[in-house]
Structures are given as C-alpha cells and as structure tokens.
Amino acid sequence: MLEVKNLKASIGGKEILTGLNLSVKAGEVHAIMGPNGSGKSTLAQVIAGHADYEVTSGAVEFLGKDLLDLDPEERAREGIFLGFQYPVEIPGVNNAYLLKAAVNAKRKHHGMDEIDAFEFLKLAREKMTMLGMDPVFLNRGVNEGFSGGEKKRNEILQMAMLEPSLAILDETDSGLDIDALKAVANGVNSLRDPERAIVLVTHYQRLLDYIEPDYVHVLSGGQIIRSGDKSLALELEDRGYEWVVEAASA
Amino acid sequence: MSTDPNNLESLVNRRYEHGFVTDIEADSLPPGLDEGIVRAISAIKKEPEFMLEWRLKAYRHWLTMQEPEWAHVHYPQINYQDISYFSAPKSDSDRPKSLDEVDPKLLETYDKLGIPLHERARLAGVAVDAVFDSVSVATTFKEKLNDAGVIFCPFSEAVIKHPELIKKYLGSVVPHRDNFFAALNSAVFSDGSFVYIPKGVRCPMELSTYFRINAANTGQFERTLIIADEGSYVSYLEGCTAPMRDENQLHAAVVELVAMKDAEIKYSTVQNWYPGDEDGKGGIYNFVTKRGDCRGDNSKISWTQVETGSAITWKYPSCILRGENSVGEFYSVAVTNNMQQADTGTKMIHIGKNSSSTIVSKGISAGRAQQSYRGLVRVMPQAQGARNHTQCDSLLIGKECGAHTFPYMEVKNPSAKVEHEATTSRISENQLFYCRQRGISEEDAVNMIVNGFCKEVFKELPMEFAVEAQALLNVSLEGAVG
C-alpha cells in the first residue's frame, strides 16, 4: 500500500530524513519508535504533505500513485489520514461542520453523493459512543478548549468517520491518562481491517500493550535502523535505544 | 414575499414601480461647487424654498470646515471643485460599450454571485437600455404599505409630499455642522430613501433598497431618513451583494434614524462598492455618516453591517441613547483585501437612565489591506445604570495586512458598567494544513474559518441577507491565501 524508497527530506535546509525505506501492506499495523529528534514526526508530516518539509530525493508511492505529486487535500481524499500530535484549535468552526465537510470532500472525490445530514449525525453519534465522547463535542468549535485527551479522541473520531486506507497516528498516546488511552486504543482497534493499514508513531511501548503491532521499526538519524516484531518494542522498553543505535553504526 | 427570497434574480429584477425613478430632464451640472450649483440642484429637483435654505446654510458652513485627517486611511487629496455635483445618467459615449470593456475580474465575481446576465451590464455601468419588466409584486407591496400607513418613498418625493416631516426631522440627528462630509452631503445631496412608520405600526415587510436598484446615480450623495414613531417597528435593508461600479469616486452618504418611545429600528447593510483592482485603482471612497437617535424611552436601534467593498471606508454607525432603557446595537463584519483601507466602528452615547449598548465588531484583513476599528462609548453624567459590552475581534489572513484598534471610553457616571474585549488572531498555516489533511481545500478551509469568525454577526442579519453575505465573503477573500 505504502512504499517509501530512500526518502530524504529537510526543513529549513536541515536534513531530517536521510534515506528512509518503509513498506506497509494493507491490513498491517506498524509501530515506528525512536528517540527524540530521530525524524518520526517528520516522516508523518512528509507523507501528509506539509509544505514546510522539502523532499530532496527518493519516492513515496501510495496505492500505486506517486504521492509526492499530490496536494495534501488530494492525499487525504485518496485515503491518507494523519492523526496529529498537536491537533490545532479552530475557534468558531463547528466540529460537526468540519467533520461533515471532510467526509463530503472525500465522497465527492470518489464520485459519491454528499452524506445526508441525518445519516451523518447518526453515524457520528455511533462513533462517539464507541470512543466515550459526549455528543456535545459535535457542536463545539474544532478542538476549542478541548483537553489533551479530548483532542486525541476527536482525532480518532475523524479517522473513524473518514475510514482511511492508511492512518498515521503521530504520538496519539502522548498526554493521555490511562482511561483515555484505553478509549483511543479501543477506537483504533475497532478500525483494524484487512483493507486498512495503520502506522503508529510513538515513544513508548505503553500504547502497544493496547494496540498490538505486526511490525516495529526503530528510526534514528532519519533512517530505519532496525525492524522486528512486537518483541522488539518490549526489548526497547527494557534496554532503551542506545544499543540499537550503536549496533547500527558499528 | 411571495417569491423565493434567495433568488437573487427575482430580487434584483424587481422594480419599485411608482417611486424611485426620479424623472429629471436635465444635463449634468459642470464640475465645481458654489452657491449657484446648490441653487441649481434644488431647482432641478423643484424643491420648496425651505429645502434650498437648508442646503445653503449647510453649504456656507461647509466652506468654514476642514476635511478630517484623523482617520487611519491614506488617499490623494480630493479636489472638490473637480467634482460634478449633479449628473444625469452618464451619456453613453462615456461608458463602456459592452461587457468586453469591463474589468474581467468584476465579471468573474458577478458569475460567482449568480448575478443574472442582463443585470451585469447595468451594474458594471455599461451603456444599455435597461428595460426591466415591471413587476406587479412591487405594486402589491406599495398597496400593503399604504394600507398600514407606512411612507416609503424617494427622499426627493418626500420633500414635496411630506414637507412637515422633513422639516421636523431632517438634520435632527446629523446636523449639517456635524462633520465635513455630512455638511457637504447636506448641501448637495442627490436623493435617497425616506421612511415613516406611524404610531403602533409594525411595518408589514422588510423595506429593501432592492426595490429601487434601478434608480441610477443617486448613490454619490445619498440621504436617508427613517422615522419610527411611538411603538412602531421597521427592518430596513440597504445595499446589495453585487459589486457596484460607479464613475463617481467620492461617496458621502448620510443616514438618520429616529426611534420614538417603544419603537425599534433594525438597519441592515450589505455594502459591496467596487474596491478597485488589485492595486486599488478605481475604487470608491466611501465616507458615510450614519446615526440613530433613540429619542424615546424603551426605544431600540440596531445596526448590522457587512462591508466588503470600497477602496476607502470611513464609517461609524452610531446610536444616541437618549431615552430611558433605550438600547443600541452594532454588529459589524468588515472585510478588507488587496489595497483596501477601512476605518470603521461605532459610537454609543449614553444619556438615558439604564440605557444599554452592545458592540460586536469583526474585522478581517487580507492582502495588503489596513483596517482600523474606532469606537467610542460615552456615558453622560445623567445616564444612571448605563451598560455597554464591546467585543472587537480581528482576523488576519497573510502577513502583509494590518489591524488596528482605537477604542475610546468616556464614563462620567459611576454606576455605569462598561466592558471591552478585544482579540486579534491570524489564520495559521497549521489550521489550514489541518483542514487540508482532512481533505478540505485551502479555499474552503479559509471560508470555513472566516464564516465561523463572523457567525455572531451573520445571525443578526435577515435570513436571505445572511446567506448572501456568506457567499459574498467567500468571493471577497478568494485568493487571499497562497
């Protein structure tokens, strides 16, 4: 589904990704771990198409299309979803309004009719119940005055409504208490699907207790330096990152 | 209204059959201004003596005044002797021959606003024989208003038919000595609207200048006077979302509202004068004096405005809260893009006991535009228990525009409560990226954020106006980002 080949990307002239390779197939859950500043969030932003990052070489292919050719909104409509580490507040814009606009932008792109208002509300309420969210959140400004946990749940709600082919969740576990973490993990697990791939970007093993990955990658210095199964995450939890980094540079 | 109010075509096609076309067979007066010109205007309009005297008094006072320079706007000096103060509709040779000669950007805007083809030519000032179907609906309206005793007619007609009302109320809210532009307007005003709602009457429909959209060239020095007698109510809609072009660059209108005891006036404006091209060339200078007098107890005047046009706007719709428990409101959205400049706001003068006022001002700046909010809240010593709440928010799009706030407060009664809140925010790249990552295009994202920002004001507009205002904002800000 996603093929990242020898990807190099920089921000403000500073190279962050230095030749990254990653292959994700439908139905898989990948966890990308690594120390601070290793390029995890950069990878997520580059795939989503943030303009601040410049891709200097390499290729990213998504469902057979050259992703780097597409605008961020086109990537989203093609099925890429980024769960933001810091979801931005948009005061005055109704949460339901944004959500509906997003759903309809995607439907339109795929030649479908716009979603009916009642159907939309019914679906949104259903997903919110699953995530333990109060329906009043629909009528509030986008992330306006939301707590950290509420913002992350809101991201998962959007993901549930948009049903992406590839979901990249950037530090979705950060700042969550244990109840919120469980709710978010439940939400993500319920979206696991043979047709869908999920990439979790995280610092900690903790999230992986609740969402079991098929593959774990260690990102350091802008490259993936080791890949393994979920046992690698446990080992990292135990021993830290240093030994992997040292082994890679040896 | 018997027709779909959202149907712009049917609205703009309506013609106020027995009013608004002032029947004057005179050529334009030569440029320049002196007593002779003032007398000539009055004569052309066949005005009674008192009106001429009133104009002359204003003119003589104007001669002693200086053009104000305090506003935060910049424009080349206006030579008042270069302006023609009365012009019959432009002769065809001066006008564009066809739409091919009109700024293509303007045409594009008409297209986006859904202005019907035959309307576009007229709005753009093209020389065409605009023959509109006379619409029987308008006649029906006229009858309905007559039955209710409501007077709604061109100002020049009111001067002749209702001189007693004109004598009593004209200049009673905005005296000719008020300011430079008001004095000029008083001397040379061309035409405008006159409304009188008798005691206890709730005006059976919203009064709209749509009805008199075909009254060409009254815009330059427009004079409007609305009187709501005791216990009456009227909602008045001014303007049009279609960008109006006009060869007359200087516009100095005066609007006076009088609300007697228990009366309410709701005045809504959607103004979209041609702002000029991207460099501001050819745009209208709009220097307006709008003021309402809450003369009686429990009276209420509410100004709601959406301003997207003009190269320069200088405008402060105000309320004098004279009556006890009187209420003044000001809800405003002002958009400036490209090279537009706006210095706008309101004044609330509290005189009556327990008078209260609300100010909600939303300013949006994009491109290289400069916008200032200038507001005055004055509580006089006798205004026991007066209250004001002011909220003044600015939204910036891009990095080259500016927003400025000049709030003035003069509180001379210790029991008064005056609150002021102000915010400035910028549409951030992060907000836009967030929306785009959800599949929403940048333009739609900007529209969504801007409309969210203006929500509080839009909900004060009559429904069909609100819908149009929203569309207008989207068009006005097109290309503001990226």
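What comes next concerns the included structure. Just so it is clear, the structure is predicted and the values come from calculations on it, not from any experiment.

1. Describing the overall build of chain B
Looking only at helices and strands, chain B has 12 helices and 19 strands in total. Taken over 482 residues, chain B has a buried fraction of 61%. Sequence separation of at least 24 residues holds for 85% of the intrachain contacts in chain B that already meet a minimum separation of 6. On chain B, roughly 18900 Å² of surface is accessible, and the fraction owed to carbon and sulfur atoms is 48%.

2. Here's the deal with the environment of Glu419 of chain B
All names here are of chain B. By the secondary structure assignment, Glu419 is in strand β19 (residues 417-426). A C-alpha to C-alpha distance of 8.3 Å links Glu419 and Gln391, two positions 28 residues apart in sequence. In terms of polar contacts, Glu419 uses its side chain to reach the side chain of His389, at 2.5 Å.

3. Overview of unusual backbone geometry
Residue and element names in this part refer to chain B. Positive phi, close to 60 degrees, is recorded for Asp262, a residue that is not glycine. When you line up the elements, Asp262 lands in the loop between β7 (254-259) and β8 (264-271). Despite not being glycine, Asn325 shows a phi value in the positive range, around 60 degrees. Relative to the elements of secondary structure, Asn325 occurs in the loop between β12 (318-321) and β13 (327-336).

4. Focus on the pattern of salt bridges
Summed over all chains, the structure comprises 25 salt bridges over all chains. Each of the salt bridges in this network shares a partner with another, and the network as a whole consists of Glu73 of chain A together with Arg436 and Glu442 of chain B.

5. Some points on the layout of surface pockets
Quantified by volume, the second largest pocket comes out at close to 780 Å³. Considering the residues around the second largest pocket, the lining is formed by 28 residues, among which Tyr97 and Ala101 of chain A together with Asp444, Met448 and Gln470 of chain B are closest to the centre. Of all elements in the fold, only β7 (90-94) and α3 (95-109) of chain A together with α11 (442-458) and α12 (463-476) of chain B reach the threshold of two or more residues within the lining of the second largest pocket. Residues belonging to the lining of the second largest pocket are distributed by class as follows: 10 nonpolar, 11 polar and 7 charged.

6. Details of the interface of chain A and chain B
Listed per partner, the contact involves 31 residues of chain A and 16 residues of chain B. In total, about 1900 Å² of surface goes out of reach between chain A and chain B, with carbon and sulfur atoms giving 64% of it. Counting the contacts that link chain A with chain B gives 2 salt bridges. For Arg438 of chain B, the salt bridge is made with Glu155 of chain A, and the minimal N-O distance between the two is 2.6 Å. There are 12 residue pairs in polar contact (both at pLDDT 80 or more) connecting chain A and chain B. Counting residues per element, the ones that place at least two in the side of chain A that touches chain B are α1 (40-48), α2 (72-78), β6 (80-83), β7, α3 and α5 (148-162) of chain A. For the side of chain A that touches chain B, a count of residues per class yields 19 nonpolar, 7 polar and 5 charged.

7. Looking at the packing of aromatic side chains
Pairs of aromatic rings are described using the distance from one ring centre to the other and the angle between the two planes. Residues and elements named next belong to chain B. A full pass over the atoms with the stated rule returns 22 aromatic pairs over all chains. An angle of 35 degrees between the planes, with centres 5.6 Å apart, marks the rings of Trp70 and Trp314 as tilted. Of this pair, Trp70 sits in the loop between α3 (49-63) and α4 (104-113) while Trp314 sits in strand β11 (residues 312-315); the two residues are 244 residues apart in sequence, bridging distant segments of the chain. In this structure Trp314 comes out as buried when scored by relative accessible area, which is 6%. Relative to Trp314, the ring of Phe287 has its centre 6.2 Å away and its plane inclined at 80 degrees; by these criteria the two rings are edge-to-face.

8. Points about empty space enclosed by the protein
Evaluated as defined, the whole model comprises 5 cavities of 30 Å³ or more. Of the volumes computed, that of the largest cavity is approximately 80 Å³. Lining the largest cavity are 17 residues, with Ser361, Gly363, Gln371, Ser372 and Tyr373 of chain B sitting closest to its centre. Secondary-structure elements contributing two or more residues to the lining of the largest cavity are β13, β14 (341-350), β15 (356-365), β16 (370-379), β17 (387-396) and β18 (402-411) of chain B. Per-class residue counts for the lining of the largest cavity are 5 nonpolar, 10 polar and 2 charged. Along the walls of the second largest cavity sit Ala76, Arg77, Ile80, Phe81, Ala102, Lys106, Leu162 and Pro164 of chain A together with Gln437, Arg438 and Gly439 of chain B, which together make up its complete lining.

9. What to know about the packing of helix α2 (residues 35-44) of chain B against α3 of chain B
All names here are of chain B. Packing of α2 against α3 brings their axes to within 10 Å, and their N-to-C directions diverge by 150 degrees. The angle between α2 and α3 falls in the class roughly antiparallel. Read as a crossing pair, α2 and α3 show a hand that is right-handed. Residues Glu35, Val38, Arg39, Ile41 and Ser42 of α2 lie in contact with α3, whose contacting residues are Leu52, Arg55, Leu56, Tyr59 and Arg60. When the residues that make up the contact of α2 with α3 are grouped by side-chain class, the tally is 5 nonpolar, 1 polar and 4 charged.

10. Section: the sheet that holds β8 of chain B
Residue and element names in this part refer to chain B. The strand order β3-β5-β8-β10-β13-β15-β17-β19 describes an open sheet built from 8 strands, whose pairing is parallel. A single partner strand is all that each edge strand has here, and the edge strands are β3 (207-208) and β19. As paired elements, β17 and β19 share 10 bridges and run parallel to each other. Pairing of Leu396 across the sheet is with Arg426, part of β19. Contacting β10 (300-307), β13, β15 and β17, α11 crosses the sheet at an angle of about 155 degrees to β15.

11. Here's the deal with α2 of chain B
Residues and elements named next belong to chain B. For α2, the set of buried residues is Ile37, Val38, Ile41, Ser42 and Ile44. Seen from one end, α2 has its buried residues packed into an arc of 165 degrees, which puts them on one side. Those residues of α2 hidden inside the fold are in contact with α3 and α9 (180-188). Put simply, Asp34 is the residue that caps the front of α2, since its side-chain oxygen is 3.0 Å from the backbone nitrogen of Gly36. Within two residues after α2, Lys46 carries a phi angle of roughly 50 degrees, on the positive side.

12. Topic: the packing of α5 of chain A against helix α6 (residues 178-190) of chain A
All names here are of chain A. Contact geometry of α5 with α6 gives a least axis separation of 10 Å together with a crossing angle of 5 degrees. Classified by the interaxial angle, the pair formed by α5 and α6 is roughly parallel. Residues Lys152, Arg153 and Ile156 of α5 form the contact with α6, whose participating residues are Ala180, Ala183, Val184, Gly187 and Val188. By residue class, the composition of the contact of α5 with α6 is 5 nonpolar, 1 polar and 2 charged.

Thresholds, definitions, all that
- Residues numbered from 1 in each chain as written.
- Chains lettered and ligands numbered in written order.
- Predicted model: local features only at pLDDT ≥ 70, side-chain atom pairs only at ≥ 80, totals over all residues.
- Heavy atoms only, no water.
- Helix = DSSP H or I, 4+ residues; strand = E, 2+ residues; numbered from the N terminus.
- Buried < 20%, exposed > 50% of the residue type's maximum accessible area, 1.4 Å probe, protein only.
- Contact = heavy atoms within 4.5 Å.
- Areas by Shrake-Rupley, 256 points an atom, 1.4 Å probe, with all protein chains shown as cover.
- Polar contact = N/O pair within 3.5 Å; in protein donor to acceptor, adjacent residues only side chain to side chain.
- Salt bridge = Lys/Arg side-chain N within 4 Å of Asp/Glu carboxyl O.
- 1 Å grid on protein atoms, 1.4 Å probe; cavity = no way out; pocket = protein on both sides within 12 Å on 5 of 7 lines; lining within 4 Å.
- Points joined across faces, edges and corners; volume = space filled by probe spheres on them.
- Nonpolar A, V, L, I, M, F, W, Y, C, P; charged D, E, K, R; others polar.
- Buried area = accessible area lost by both parts, 1.4 Å probe.
- Phe/Tyr/Trp six-rings, centres within 6.5 Å; stacked < 30°, edge-to-face > 60°.
- Axes fitted to C-alpha atoms, helices over the stretch in contact; angles between N-to-C directions.
- Parallel < 35°, antiparallel > 145°, perpendicular 65-115°, else oblique.
- Left-handed = near helix turned anticlockwise from the far one by under 90°.
- Pairing = 2+ DSSP bridges.
- Arc of directions from axis to C-beta.

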